[in-house]
Structures are given as C-alpha cells and as structure tokens.
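So you can see what is in the structure, the chains are spelled out below.
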Amino acid sequence: MSGLGTRAIVEINQMANQFQSSIVIKVGKRFIDVKSILGLSITLFSNEVYHLEIHGPDEAEAKLAMEELFIKHGLPLSGV
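Owing to the predicted nature of the structure, the values given are computational and were not obtained by experimental measurement. What you see as residue numbers is a count from 1 along each chain, following the sequence as written. The predicted nature of this model means local features are confined to residues of pLDDT at least 70 and side-chain atom pairs, given and counted, to a pLDDT of 80 or more, with totals for whole chains, interfaces and linings taken over all residues. Side-chain figures throughout are based on the complete set of non-hydrogen atoms in the structure, without hydrogens or water.

**A few points about the pairing of strand β2 (residues 30-33)**
- Pairing between strands is defined by DSSP: at least two bridges between the two strands are required. The numbering of helices and of strands both runs from the N terminus, where a helix is a DSSP run of H or I of at least 4 residues and a strand a run of E of at least 2. Relative to β2, strand β1 (residues 22-27) runs antiparallel, the two being bridged by four bridges. In the sheet register, Lys26 faces β2, and the bridge partner there is Phe31.

**Some remarks on the packing of aromatic side chains**
- Paired rings are identified among Phe, Tyr and Trp, the last through its six-membered ring, by centres lying within 6.5 Å, and are further divided according to the angle between planes into stacked (under 30 degrees), edge-to-face (over 60) and tilted (the rest). Applying the stated rule across the entire model yields one aromatic pair.
- For the pair Tyr50 and Phe70, a centre-to-centre distance of 6.0 Å together with 70° between the ring planes defines the contact as edge-to-face. Taken as a pair, Tyr50 in the loop between α2 (37-41) and β3 (51-55) and Phe70 in helix α3 (residues 59-72) lie far apart in primary sequence, 20 residues in all.

**Things to note about the nonpolar core**
- Ile12, Ile23, Ile25, Leu44, Met66 and Phe70 are the most contacted members of the largest nonpolar core, which has 21 residues in total.
- For this core, the elements supplying multiple residues, two or more each, are α1 (6-16), β1, β3 and α3.
- Among the elements that make up this core, the one with the highest residue count is α3 (five residues).
- It only takes one pair of heavy atoms within 4.5 Å for two residues to be counted as in contact. When near neighbours in sequence (up to four residues on either side) are disregarded, Met66 contacts Ile12, Met15, Ala16, Ile23, Val34, Leu52 and Ile54. As used in this record, nonpolar core signifies buried Ala, Val, Leu, Ile, Met, Phe, Trp, Tyr and Cys residues forming a set joined through side-chain atoms within 4.5 Å. Exposure is judged per residue with a 1.4 Å probe applied to protein chains only, and the accessible area is read against the type maximum: over 50% gives exposed, under 20% gives buried, and values in between give partly exposed.

Here it is in structure tokens:
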C-alpha cells in the first residue's frame, strides 16, 4: 500500500473544515470523519475506493469540493 502525502491529507482536512456539514468517508467497513486529520492520515491510501457521505446545510457545495479534491489527489470515489 502506498500512503498519501502529507500535503494531500492536510488539503482534504482543511477543505472539509470549511463546511458545516458532516463529512465522512466509508472505506471497507470503516467510517472516518474527514475533519479528523489523524483519522485521515491512517486511512487514505491511493489503492482504496472511497464513498463520501455528506449531510448538512451545505452538503451540495461540500460534495462538489470534496469530490474535486479526491480526484485531484488520485483517490477513487465510488459513484463519481
């Protein structure tokens, strides 16, 4: 497994923290809060497929921004 670079993890975390919505990624049977940098650092690997679950008042904007960022960093999302 190749881990994701620190810069990508920080970018994803900072983007998530700009939104009020809850942003969680599902990988396998695990659910990780994207606003937790520790959770991201031990979870994000480029050879996994992720599913974003976003709920809240700005979920449409958050979904678009997070999808773009995951694609930018080569992280495959299901349903995109």
